[in-house]
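Survey of secondary and tertiary structure
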Amino acid sequence: MPESPIIRIDGVTKQFNPGTDRSVTALADIDLTIAEGEFVSLLGPSGCGKSTLLRIMADLTPPTAGSVSLNGKSPATARRDRDYGMVFQQAGLFEWRSVQRNVELPLQVAGVAKQERRAKTAAMLDLVRLPEFARHFPWQLSGGMQQRVAIARALSADPKILFMDEPLGALDEMNREHLQGELLRIWSDTRTTVVFVTHSITEAVFLSSRIVVMSPRPGRIAASIDVDLPYPRTAETRTLPAFFDKITEVREALHGMTVAEDAA
Amino acid sequence: MTAHAGRGRPMLVAGGAWDTARRGLPVTVTALVILGAWQLVVRLFDVPSFILPAPTDIASALVDQLTTILSASRLTVSAVLLGLVSGSVAGILVALVVSRFHRISGPVLGVAVIVNCAPIVALAPIFNNWFGVTSLASKAGVAGVMVFFPVLVNTARGLLQVAPLHLELMESLAARPRQISLMLRLPNALPYLFNALKLGSTLAVIGVIVTEYFGGPSNALGVYIAQQASLPRFAEAWAGILVASLLGLAMFGVMSLLERLLMPWHESVHGGEA
């Protein structure tokens, strides 16, 4: 088990519209610890609360009960200290800013001096391999490139944690696989802890060091599966028997709960 | 993975002289056909000039009267510019204030939308009474009010209608309200503002000309048109109308140019394809 948990979630419950007849329990009594340097995927069908759990960690929505600690702090403090970076399903770039100025946004908000911002931004664009696009505008980039800019933006302030909410969900299969490889390279270059929300089994297995399988209504953790495939993972990894075995294992964990649910 | 645009340097103002010419050609041809038909109909059916003078008559009246009309235009242009600037500045300022206070923004904008539907130009005689028939303020005032409302409503909309994703991003970055205003709301409102300014620039011309119809200094374009029409010298009146139309067109053109220069990143400017 983790030597030094960077994220600790204790008994987190989330209800929407509590106390009304439209009350929905999105998450019920979630316990989860994530160690520094892990790549953890939250995997589950839509409605299992995986995005909600991520948003609670990021202090973008409060839990109804329970507590979260990020880097030893409350999520609110961690957010103000910019301990995490966030990537959404849509790149969400500011269309009036060049790529470079989009990437430096977190630094600008943090009040970092211009010269330092420029240096940092250049390093980030090297990291996501888009250095020649610094002066382009978002509309001139493909969807995959825009998402890479969003990743550079999320990492520009050197966060300890990277939250990703289905970041590759809007991309086509080819781009998606390419970016999965890029993401692993970036993860190994930066040693950031990644929490990655997805509903794709293959994606979760290829990327993660651990997969947290979630079940819906109410959202619970059904299983936590270590993925012991060695890094660096490449296109070849996708052809290994161990890769397919792991996919089967995860699928059965997901399937088990749907069967149970159907029986109920 | 490919970029749509050429690598290295972003394209700013898209297109080129050739593109513009090619796009302008159908419009020019259409205009020439209409003018030709107009000329033909007037000559063939011997239409009296108080109904419609022929384009050639209007053209020769314009050449004859050019000095008078141009000197009259100078006063009218100053009133238009004054009205446009004051109306826009006031509209932007009120929009900034209103958008800061969510509780009042709804009602205030609702009222603004209703007032905006009223024919504000009908205030022309009132403004002439308030500020004096011959003063610049009465003309610029009507124009200013006409510009104010669309600028207020559009700018406020642009400040308020920010993409939820963008807001959430700023929130995740722990941005302060001031930073959200400066880095997100203001740039987001620019396209809305320019739509209002393009509309407002033509409204300002209408406001000033119509107010001048109700009286003004003898060397104003609206006064000139009204006088020529009552003399009656219709070709001269139409020449004045032509110049007033060109004035509106020029104002619109200046606004579009500003838009292109200030927001080359916007879809309405780059057209989505590089």
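Bear in mind the structure is a predicted one, so any value in this text is a computation, not a measurement. As a convention, each chain's residues are numbered from 1 in the sequence order in which they are written. Note on labels: chains are lettered from A, ligands numbered from 1, in written order. A pLDDT threshold of at least 70 governs which residues receive local features in this predicted model, and a stricter bar of 80 or more applies before side-chain atom pairs are shown or counted, although totals over entire chains, interfaces and linings include all residues. With hydrogens and water set aside, each side-chain value is computed from the structure's full complement of heavy atoms.

Here we look at the sheet that holds strand β2 (residues 24–35) of chain A
Residue and element names in this part refer to chain A. Should DSSP find at least two bridges between two strands, the strands are regarded as paired. Helix and strand definitions here come from DSSP, where helices need a minimum of 4 consecutive H or I residues and strands a minimum of 2 consecutive E residues; each element is numbered from the N-terminal end. Ordered by their spatial adjacency, 3 strands build an open sheet running β2-β1-β4, and the pairing between neighbours is antiparallel. Each of the sheet's edge strands pairs with one partner strand only, and the pair in question is β2 and β4 (65–70). Within the sheet, the average angular offset between the axes of one strand and its neighbour, ignoring direction, is 15°. One ladder, built from 5 bridges, connects strand β1 (residues 5–16) with β4; its direction is antiparallel. The partner of D10 across the bridge, within β4, is S67. Should any heavy atoms of two residues lie within 4.5 Å, those residues are counted as being in contact. Every axis corresponds to a line fitted to the C-alpha atoms, with the helix fit spanning only the stretch in contact, and the corresponding angles, defined between N-to-C directions, vary from 0 to 180 degrees. Together, β1, β2 and β4 form the strand contacts of helix α1 (residues 50–57), whose direction differs from that of β1 by roughly 120°.

Let's talk about the pattern of salt bridges
Residue and element names in this part refer to chain A. For salt bridges, the criterion is a side-chain nitrogen of Lys or Arg within 4 Å of an Asp or Glu carboxyl oxygen. The final tally for this structure, using the stated rule, is 19 salt bridges over all chains. Here R148 ties to E182 by a salt bridge, and the two come within 3.8 Å at their closest N and O atoms. With a gap of 34 residues between them, R148 in helix α6 (residues 143–155) and E182 in helix α7 (residues 173–190) connect regions that are remote in the sequence. Pair check on accessibility: R148 and E182 agree, each one buried. Between E249 and K246 there is a salt bridge whose closest N-O contact spans 3.1 Å. The buried label goes to any residue with under 20% of its type's maximum accessible area, the exposed label to any with over 50%, and the partly exposed label to all in between, with areas taken from a 1.4 Å probe on protein chains only.

Points about the UniProt feature "transmembrane region" (unreviewed entry) in chain B
UniProt positions are given in the numbering used here, feature names are shortened, and annotations may be inferred rather than shown by experiment. The UniProt entry lists residues 25–45, 75–96, 108–128, 140–160, 192–214 and 237–258 of chain B under the feature "transmembrane region" (unreviewed entry), expressed in the numbering used here. The span residues 75–96 of chain B is 100% helical and 0% strand by assignment, and the distance between its end C-alpha atoms comes to 32 Å.

Comments concerning the packing of aromatic side chains
Put simply, two rings from Phe, Tyr or Trp (the six-membered ring, in Trp's case) pair if the centres are within 6.5 Å, and we call them stacked under 30 degrees between planes, edge-to-face over 60, tilted for the rest. Using the criterion set out here, one finds 13 aromatic pairs over all chains in the structure. Plain terms: the ring middles of F127 of chain B and W130 of chain B are 5.1 Å apart, the flat faces sit at 45° to each other, and that makes the pair tilted. Of the two residues, F127 of chain B and W130 of chain B are both situated in helix α4 (residues 124–131); the distance of 3 residues between them amounts to about one turn of the helix. Through pairs of rings, three or more aromatic residues link up here, namely F39, W187, F196 and Y231 of chain A. Definition used: whenever NZ (Lys) or CZ (Arg) falls within 6 Å of the ring centre and also within 35 degrees of the ring normal, the charge is taken to sit over that ring. A cation sits over an aromatic face here: R191 of chain A above W187 of chain A, 5.5 Å from the ring centre. We note R233 of chain A situated over the ring of Y231 of chain A; from NZ or CZ to the ring centre the distance is 3.9 Å.

Comments concerning the sheet that holds strand β5 (residues 84–87) of chain A
Residues and elements named next belong to chain A. The sheet built from 6 strands is open, its strands ordered β5-β6-β7-β3-β8-β9 with mixed pairing. Either end of the sheet is taken by a strand with one partner, and the two such strands are β5 and β9 (220–226). Sheet twist, expressed as the average angle between the axes of neighbouring strands with direction ignored, equals 15°. Two elements, strand β6 (residues 161–165) and strand β7 (residues 193–198), share 5 bridges in a ladder whose sense is parallel.

Things to note about the UniProt feature "domain: ABC transporter" (unreviewed entry) in chain A
As annotated by UniProt and renumbered to match this structure, "domain: ABC transporter" (unreviewed entry) occupies residues 7–241 of chain A. Secondary structure within residues 7–241 of chain A divides into 33% helix and 26% strand; the distance between the first and last C-alpha atoms comes to 32 Å.

Some words on the UniProt feature "domain: ABC transmembrane type-1" (unreviewed entry) in chain B
According to UniProt, the positions carrying the feature "domain: ABC transmembrane type-1" (unreviewed entry) are residues 69–259 of chain B. Helix makes up 85% of residues 69–259 of chain B and strand makes up 0%, while its end C-alpha atoms are separated by 30 Å.

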